[in-house]
Amino acid sequence: MMKSGYEFQSEFARSYVAKGVEKGRQEGSVETKAHDVLAVLEARGLEVPAEVRERVLASTDLAELDGLLRRAAVVSNASELLATTAS
């Protein structure tokens, strides 16, 4: 077991650990944002179908989730969240 406060001696080890920490933060941000999308829909009293819930939770793209969060605030039903609009 590693002691708390241990500092890696090599630059390779420090950079490797830093990459792991950053990846963990990014994964945490993605998971939090996905749950935020669902929370907004539920707070608005909208029923969230399983397919919408699964699709939102499966997303790994923060930009996509940010867009879904903004849409969650204005859609009239949760199924519209995943509908694409023609531009």
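The model shown is predicted, which means the values in this text are computed figures rather than measured ones. (Residues numbered from 1 in each chain as written. Predicted model: local features only at pLDDT ≥ 70, side-chain atom pairs only at ≥ 80, totals over all residues. Heavy atoms only, no water.)

### Some points on the side chain of Ser59
So the rule is basically this: Numbering of helices and strands starts at the N terminus; helices are DSSP runs of H or I of at least 4 residues and strands are runs of E of at least 2. Per-residue accessibility, obtained with a 1.4 Å probe over protein chains only, is compared with the maximum for each type, and a residue is labelled buried under 20%, exposed over 50%, and partly exposed between these values. Pairs of N or O atoms are called polar contacts if they sit within 3.5 Å, as long as, within protein, a hydrogen donor faces a hydrogen acceptor (for residues adjacent in sequence, only side-chain-to-side-chain pairs). In what follows, residue pairs with any heavy atoms lying within 4.5 Å of each other are defined as contacts.
With respect to the helices and strands, Ser59 occurs in the loop between helix H2 (50–58) and helix H3 (62–72). Here Ser59 falls in the buried class, since its relative accessible area comes to 5%. At 2.5 Å, the side chain of Ser59 forms a polar contact with the side chain of Glu64. Beyond its immediate chain neighbours, meaning those up to four positions away, Ser59 contacts Val30, Glu64 and Leu65.

### Some words on the pattern of salt bridges
Where we set the bar: Any carboxyl oxygen of Asp or Glu within 4 Å of a side-chain nitrogen of Lys or Arg constitutes a salt bridge here.
Inspection of the entire model under this criterion finds 4 salt bridges. One salt bridge connects Asp66 with Lys33, and the closest N-O pair in it is separated by 3.4 Å. Highlighted residues: Asp66 in helix H3 and Lys33 in helix H1 (residues 11–43), separated in sequence by 33 residues. You can call Asp66 partly exposed: its relative accessible area is 25%. In this structure, Arg70 and Asp66 form a salt bridge, with 3.2 Å as the shortest nitrogen-oxygen distance. In this pair, Arg70 and Asp66 are both assigned in helix H3, 4 residues apart and thus about one turn of the helix distant. Take Arg70: its relative accessible area is 59%, and that puts it in the exposed class. Bridged by salt links that share partners, the residues Lys33, Asp66 and Arg70 form one connected network.

### Some points on the nonpolar core
The nonpolar side chains of a soluble globular protein tend to be buried, and buried together. Put simply, the rule is: Definition used in this section: a nonpolar core is a set of buried Ala, Val, Leu, Ile, Met, Phe, Trp, Tyr and Cys residues joined via side-chain atoms within 4.5 Å.
Core analysis: the biggest nonpolar cluster contains 15 residues, and Val37, Leu41, Val48, Val56, Leu65, Leu68 and Leu81 have the highest contact counts within it. Secondary-structure elements contributing two or more residues to this core are H1, H2 and H3. Top element by residues in this core is H1. It accounts for 5 residues. When residues no more than four places from it in sequence are discounted, the contact partners of Val48 are Leu38, Leu41, Glu42, Arg53 and Ala78.

### A look at H3
For an α-helix the count is 3.6 residues per turn, leaving residues at separations of three or four pointing the same way. To keep things clear, this is the line we draw: The reported arc concerns the directions from the helix axis to the C-beta atoms and nothing else.
Taken together, the buried positions of H3 are occupied by Leu65, Leu68 and Ala72. For H3, the angular spread of buried residues about the axis comes to 60°, placing them on one side. Facing away from the buried side of H3, by more than 90 degrees, are the exposed residues Ala63 and Arg70. N-capping of H3 is provided by Asp61, with a side-chain oxygen placed 3.0 Å from the backbone N of Ala63.

Limitation: the analysis is restricted to geometry and does not speak to function.
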